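Working through the structure, step by step
Here are the chains, one letter per residue:
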Amino acid sequence: MTQKSIYIHLLTFLLLLTSCSQKQQQPMTPWDGEDTDAASTDFDLGQIVSNGELIALTLTGPETYYDYRGKHLGTEYMLCQRFTNKIGVSLRVEVCRDSAEMVRRLADGDADLILFRNMPTAKQLAWRIGKNKPQLTKALQEWYRPQLLEEVKKEEDYLLSSRSVKRRVYAPMLNAKGGVISHYDRWFQQYCRSIRWDWRLMAAQCYQESTFDPQARSWAGACGLMQIMPSTADHLGLARSDMFNPEKSIAAAAKLIGELDRSFADIRNQQERIKFILAAYNGGANHVRDAMALARKNGHDPQRWADVSHYILLLSQPEYYNDPVVRYGYMRGSETAGYVDKIMQRWNGYRGVKSAPSSGVSGVPQRATKGKQKYKI
């Protein structure tokens, strides 16, 4: 089902509900709630605050809700999060497969509201509030102002830009003549042995993550040379107090790479598997698996990065992230594809290997040619 048809289906259903209702229509707002004079308060604002959680239903997408490197973004999600912060509760978002599921679950009382955009080009959000919630409707009416939507969009644009990462940019090669890439080469060499990776590959990845700044920090909480997320650090056994320690960051990253290597053991070609591992490190293994499923469905090789990266890019389009074989929804695929491509090119430069012309995704490394080494950032 395309995004356009989802919106049409949802609007048709809501119009049908409206035509059956005898209640007086409310003024146009960014939501569509029940009559604030309703006698029953069911699970209204007071109960939501007492319970400490507001539950929202939505569809995956760039305007609604998506996962970005372990954090959640999306205009509607971020706007709703501002509201829940104001009333002092947490926000739980549950992603539905389609509009029919959202409407059914809201009617069943499984959630407090639906987050959706009534038209792809509309500037105003429309939230469907569950029935018999006059207090919640009133609280939203008192809180909302049109400027909030633009503020949230600007915040999201900032978070997705390089300006949101605090780091000092160091040279990508410390001493080209002496073959010294960074101050951390001995640790790349030490911890790459157990995972059987070329240490220069991890060095190339490290530069992409932090530009060799051990104090680098992103808005999402990723820290250190290898930009380990706090939750990932917990999983890997890296103490949060050690996340800026260069050696321990590299050791943790090697452990994570080893785990990803095992999880992608079905990629038989090692050179191909490297690209899948890098993509998973950046964009998440689940999204990579979704792209592999799309490649398989469309008659392409799910074990060949050139084929899968095509679908990594397409996961930003509704007709692909809403495909039935896709389990984890929307993805900022251009960032992940570029991440892999830049690391592969930098690794080739570190090894003195001539890279094939870039087409937006990584190619298989070629043998080095004779002559003076040239390094390209």
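Cut-off values and rules
- Residues numbered from 1 in each chain as written.
- Predicted model: local features only at pLDDT ≥ 70, side-chain atom pairs only at ≥ 80, totals over all residues.
- Heavy atoms only, no water.
- Helix = DSSP H or I, 4+ residues; strand = E, 2+ residues; numbered from the N terminus.
- Areas by Shrake-Rupley, 256 points an atom, 1.4 Å probe, with all protein chains shown as cover.
- Axes fitted to C-alpha atoms, helices over the stretch in contact; angles between N-to-C directions.
- Parallel < 35°, antiparallel > 145°, perpendicular 65-115°, else oblique.
- Left-handed = near helix turned anticlockwise from the far one by under 90°.
- Contact = heavy atoms within 4.5 Å.
- Phe/Tyr/Trp six-rings, centres within 6.5 Å; stacked < 30°, edge-to-face > 60°.
- Buried < 20%, exposed > 50% of the residue type's maximum accessible area, 1.4 Å probe, protein only.
- Arc of directions from axis to C-beta.
- Core = buried A, V, L, I, M, F, W, Y, C linked by side-chain atoms within 4.5 Å.
- Expected span 1.5 Å × (residues − 1).
- Polar contact = N/O pair within 3.5 Å; in protein donor to acceptor, adjacent residues only side chain to side chain.
- Lys, Arg positive; Asp, Glu negative; His and termini not counted.
- Salt bridge = Lys/Arg side-chain N within 4 Å of Asp/Glu carboxyl O.
- pLDDT = per-residue confidence, 0-100.
- Nonpolar A, V, L, I, M, F, W, Y, C, P; charged D, E, K, R; others polar.

Here's the deal with the overall build of the protein chain
When its secondary structure is counted, the protein chain shows 15 helices and 9 strands. For the protein chain, the exposed area adds up to about 18,800 Å²; of that, 49% sits on carbon and sulfur atoms.

Points about the packing of helix α8 (residues 199-210) against helix α11 (residues 270-283)
At a minimum axis separation of 13 Å, α8 and α11 run at an interaxial angle of 25°. By the criterion of interaxial angle, the relationship of α8 to α11 is roughly parallel. Note on packing geometry: the crossing formed by α8 with α11 is right-handed. Of the residues in α11, those in contact with L201, Q205 and E209 of α8 are I274, L278 and Y281.

Let's talk about the packing of aromatic side chains
Taken as a whole and judged by the stated rule, the model has 12 aromatic pairs. Ring plane angle 25° and centroid distance 6.4 Å describe the contact between W127 and W143, whose orientation is recorded as stacked. Of this pair, W127 sits in strand β7 (residues 126-129) while W143 sits in helix α5 (residues 134-143), and the two are 16 residues apart along the sequence. The exposure class of W127 is buried, given its relative accessible area of 1%.

Let's talk about helix α4 (residues 99-107)
Every buried residue belonging to α4 is among S99, M102, V103, R105 and L106, and all of these are buried. One side of α4 carries all its buried residues, which in axial view fall inside an arc of 165°. A positive backbone phi angle near 80° is found at G109, which sits one or two residues after α4.

With respect to the nonpolar core
In terms of nonpolar packing, the biggest core is built from 93 residues, with L54 and L113 touching the most fellow members. Apart from residues lying up to four places away in sequence, L54 is in contact with I48, C80, F83, T84, V89, S90, L91, R92, D112, L113 and L136. Membership of the second largest hydrophobic core comes to 11 residues, among which are I55, M102, A111 and A126.

Topic: the environment of V288
Structurally, V288 is set in helix α12 (residues 285-297). With relative accessibility at 0%, the residue V288 sits in the buried group. C-alpha of V288 to C-alpha of G333: the two residues are 45 residues apart in sequence and 9.5 Å apart in space. Other than its neighbours up to four places away in sequence, V288 contacts F264, F276, A279, A280, V308 and I312.

Focus: helix α10 (residues 246-263)
Helix length check: α10, at 18 residues, gives a terminal C-alpha distance of 26 Å against a target of 26 Å (1.5 Å per residue), a fit within 8%. Of all the residues in α10, the buried ones are P246, S249, I250, A252, A253, A254, L256, I257, G258 and L260. Turning to α10, the residues buried within the fold contact α7 (185-192), α8, α9 (230-236), α11 and α12. Sitting at the amino-terminal end of α10 is N245, which places a side-chain oxygen 3.1 Å from the backbone nitrogen of E247.

Thoughts on the environment of L160
By the element assignment, L160 lies in the loop between α6 (147-159) and β8 (165-166). It is 9.1 Å that separates the C-alpha atoms of L160 and Y68, two residues lying 92 residues apart in sequence. If near-sequence neighbours (up to four positions away) are discounted, L160 is found in contact with Y66, Y68, L73 and R332.

Some details on the side chain of D290
When you line up the elements, D290 lands in helix α12. Despite its burial, D290 pairs with no opposite charge, the nearest such side chain being R327 at 6.0 Å. Not counting residues up to four positions away in its chain, the partners in contact with D290 are L315, V325, V326, R327, Y328 and G329.

A short note on the confidence of the model for the protein chain
Counting all residues, the mean pLDDT for the protein chain is 84, and 80% of those residues have values of 70 or more. The low-confidence segment residues 11-29, where pLDDT is below 50, has 14 contacts with residues more than four positions distant or belonging to other chains. Here residues 358-377 is modelled with pLDDT under 50, and outside its nearest four sequence neighbours on either side it reaches 39 contacts, counting other chains as well.

Brief notes about the packing of α11 against α12
Interaxial distance between α11 and α12 falls to 7 Å at its minimum, and their mutual angle equals 125°. Relative to α12, the element α11 lies oblique. Residues F276, A279, A280 and G283 of α11 touch α12, and the partners they reach there are A285, H287, V288 and M292. Along the lines of polarity and charge, the residues of the contact of α11 with α12 split into 6 nonpolar, 2 polar and no charged.

Describing the pattern of salt bridges
Opposite charge on two side chains allows them to pair when their charged atoms are near. Here the structure, examined in full by the defined rule, presents 19 salt bridges. Note that E335 and R332 form a salt bridge whose closest N and O atoms lie 3.5 Å from each other. Among the residues examined, R332 registers a relative accessible area of 24% and is labelled partly exposed. Through salt bridges with shared partners, one network takes in E53, R92, E94, E101, R105 and D110.

Considering unusual backbone geometry
In this structure, N132 takes a positive phi of about 60° despite not being glycine. Here N132 shows up in the loop between β7 and α5. Taking relative accessible area as the criterion, N132 reaches 21% and is therefore assigned partly exposed. Not every positive phi belongs to a glycine, and Q227 is a case in point at roughly 50°. By the secondary structure assignment, Q227 is in the loop between β9 (217-218) and α9.

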